[in-house]
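Topology and contacts: notes
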Amino acid sequence: MTETTPVTSTQLSLIDESFDVKNSGAYHLSVLIDKKYFAYSLLDSKANKYIALYASSPMDEEAVLESLSLQLKSISFNSVTCALATHKFTIVPTALFEEENKNLLFHFCYDVAGTEEVCMNNMKNLNAKNIFSIPKKAGDFIKKTFSNARIIHSSGSFIEGLLLLNKNNSEKKVYADFHSNYFELVLLEGRNLLLSNTFKYKTAEDIAYYILFVYEQLGLNPEEIELTLSGLIEKVSAEHSLLFNYIRHVKFASLPDTFKYTYKIESIQPHTYFSLFNQYLCV
């Protein structure tokens with residue numbers, strides 16, 4: 001069995017020459033908070049161009065919020081989205097959702113610890129609600145640090161980005177987005193969401209098992225149905241190599257073509273920040 005350490009971002013700081021802190025009121029800030037790292041990007045909304053990207057080095061869970069605060073607490077932005085990457089979320093059709101039953105609906109799927117709070121977002125292109133839990137400490141930090149922040153779940157920006165990507169597609173496709181201790185698997189048929197689920201993993205074999213199990217259970221032909229990878233998985237990795245043994249068409253996500261990017265961002269592996277760059281779709 002091949003033990004694998006989840007891929008976490010090495011420190012990355014890419015800033016376009018056009019960035020001006022005095023102009024921060026014209027920028028949108030997207031923040032992704034994972035258990036072991038954080039990343040953020042700046043979008044010049046007038047130019048529709050990402051002009052900055054920062055990703056922390058791997059760190060202890062307790063240090064993530066403190067480090068993020070030191071980076072950004074003294075700057076004001078036009079708009080802010082903060083996405084939490086946790087494995088606890090459930091998508092509910094709007095027709096079945098009632099605000100007063102939000103916690104009850106969530107408890108059908110997950111236990112909620114006393115240190116967690118239950119949140120909800122609208123899914124703009126699904127006519128559905130995304131119910132999720134976040135650590136209360138993280139929620140309090142975000143509200144204190146960014147007065148205008150919209151708290152979302154990382155699955156929201158991931159799925160919204162995929163729906164836009166598949167606006168002219170009618171085929172079934174599978175997508176896997178990786179975080180430091182779990183990955184999310186999505187099956188789309190055009191703009192129809194057929195599956196969204198999370199799987200915790202420790203080894204490359206775990207990843208291959210869960211993905212192939214979904215292919216088998218849903219009757220998906222691994223010789224035909226494409227798999228696209230994004231998030232914290234490297235192009236040269238045991239996880240990626242093993243998947244190629246079983247699935248014919250495996251590829252990595254590209255930068256969302258909805259936006260423009262500084263040339264500095266275009267030089268990195270684009271799939272790593274697919275979800276982060278799609279956060280603006282959730283504003």
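Everything below is about the structure printed above this text.
Throughout what follows, the structure given in this document is the object of discussion. Keep in mind that what you see is a predicted model, and the values were worked out from it rather than measured.

If you trace the backbone, Ser30 turns up in strand 2 (residues 27-33). Judged by relative accessible area, Ser30 falls into the buried class, the value being 0%. Engagement of the side chain of Ser30 in a polar contact is seen with the side chain of His28, the distance being 3.0 Å. Residues within four places of Ser30 in sequence aside, it is in contact with Ala39, Tyr40, Ser41, Tyr50, Thr81, Leu276, Gln279 and Tyr280.

Counted according to the given criterion, the structure contains zero disulfides. The cysteine Cys82 is free of any disulfide, with Cys119 supplying the nearest cysteine sulfur at 12 Å. Looking at Cys82, the relative accessible area reads 0%, which means it is buried. Look at Cys119 and you get buried, because its relative accessible area is 13%.

Within the secondary structure layout, Asn127 lies in the loop between strand 7 (116-123) and strand 8 (128-135). With relative accessibility at 57%, the residue Asn127 sits in the exposed group. Separated by 152 residues in the primary sequence, Asn127 and Gln279 have C-alpha atoms spaced 18 Å apart.

Turning next to the sheet that holds strand 14 (residues 250-252). The five strands are arranged 12-11-10-13-14 in an open sheet whose pairing can be described as mixed. Looking along the sheet, the strands with just one partner apiece sit at the ends: strand 12 (192-200) and strand 14. Across the sheet, the axes of successive neighbouring strands diverge by a mean angle of 20°, strand direction being ignored. For strand 10 (residues 172-178) and strand 11 (residues 182-189), the ladder comprises seven bridges, and the chain directions are antiparallel. Bridge assignment links Lys172 to a residue of strand 11, and that residue is Glu189. Against the sheet, helix 4 (residues 154-165) makes contact with strand 10, strand 11, strand 12 and strand 13 (227-231), and its axis sits at roughly 30° relative to strand 11, the strand it touches most. Sheet contacts for helix 5 (residues 204-217): strand 10, strand 11, strand 12 and strand 13; angle to strand 11, the most-contacted strand, approximately 25°.

The next thing to look at is the nonpolar core. Nonpolar side chains tend to gather and get buried jointly when the protein is soluble and globular. Core analysis: the biggest nonpolar cluster contains 27 residues, and Leu29, Val31, Ile33, Tyr40, Leu68, Leu72 and Ile142 have the highest contact counts within it. Filtering out sequence-adjacent residues up to four positions away, Leu68 remains in contact with Val31, Ile33, Phe38, Tyr40 and Phe141. Counting residues in each nonpolar core, the second largest holds 24 residues, with Leu185, Ile207, Val214 and Ile225 among its members.

In this section: the packing of helix 1 (residues 61-72) against helix 3 (residues 136-145). Viewed as axis vectors pointing N to C, helix 1 and helix 3 meet at an angle of 5°, and their least axial separation amounts to 11 Å. Taken as axis vectors, helix 1 and helix 3 run roughly parallel relative to one another. Between helix 1, through Glu62, Leu65, Leu68 and Ser69, and helix 3, the contact on the second element is made entirely by Lys137, Ala138 and Phe141. When its residues are assigned to classes, the contact of helix 1 with helix 3 shows four nonpolar, one polar and two charged.

Let us look at the pattern of salt bridges. Per the counting criterion, the structure on display carries eight salt bridges. For Lys264, the salt bridge is made with Glu17, and the minimal N-O distance between the two is 3.8 Å. Highlighted residues: Lys264 in the loop between strand 15 (260-261) and helix 7 (274-277) and Glu17 in the loop between strand 1 (12-15) and strand 2, separated in sequence by 247 residues. With relative accessibility at 54%, the residue Glu17 sits in the exposed group.

Our next topic: the side chain of Thr86. Tracing the backbone shows Thr86 in the loop between strand 5 (79-84) and strand 6 (89-93). What makes Thr86 buried here is its relative accessible area of 18%. Leave out the neighbours within four places in its chain, and Thr86 touches Ser133, His153 and Tyr182.

Criteria and cut-off values
The written sequence of each chain sets the order in which its residues are numbered from 1. Where totals are concerned, whole chains, interfaces and linings use all residues; where local detail is concerned, this predicted model gives features only for residues with pLDDT of at least 70, and gives and counts side-chain atom pairs only at 80 or more. Only hydrogens and water are removed before side-chain values are computed, so all heavy atoms of the structure are retained for them. Think of it this way: any DSSP run of H or I at least four residues long counts as a helix, any run of E at least two long counts as a strand, and we number them from the N terminus. Each residue gets one of three labels from its accessible area relative to the maximum for its type: buried under 20%, exposed over 50%, partly exposed in between, using a 1.4 Å probe on protein chains only. N or O atoms closer than or at 3.5 Å make up a polar contact, with two conditions inside protein: a donor-capable atom paired with an acceptor-capable one, and, for residues adjacent in sequence, both atoms drawn from side chains. Every residue pair with non-hydrogen atoms within 4.5 Å of one another is taken to be in contact. Defined by distance alone, a disulfide is two cysteine sulfur atoms within 2.5 Å. Strands pair, by our definition, only if DSSP identifies at least two bridges between them. In this description, a line fitted to the C-alpha atoms serves as the axis of each element, helices being fitted only across the stretch in contact, and the angle between N-to-C directions of two axes falls anywhere from 0 to 180 degrees. The set of buried Ala, Val, Leu, Ile, Met, Phe, Trp, Tyr and Cys residues whose side-chain atoms join them within 4.5 Å is what this entry labels a nonpolar core. Should an angle fall under 35 degrees it is taken as roughly parallel, and over 145 as roughly antiparallel, whereas 65 to 115 is taken as roughly perpendicular and any remaining angle as oblique. Think of it as three bins: nonpolar holds Ala, Val, Leu, Ile, Met, Phe, Trp, Tyr, Cys and Pro, charged holds Asp, Glu, Lys and Arg, and polar takes everything else, Gly as well. A carboxyl oxygen of Asp or Glu within 4 Å of a side-chain nitrogen of Lys or Arg is what we treat as a salt bridge.

These values are about where atoms sit, not about what they do.
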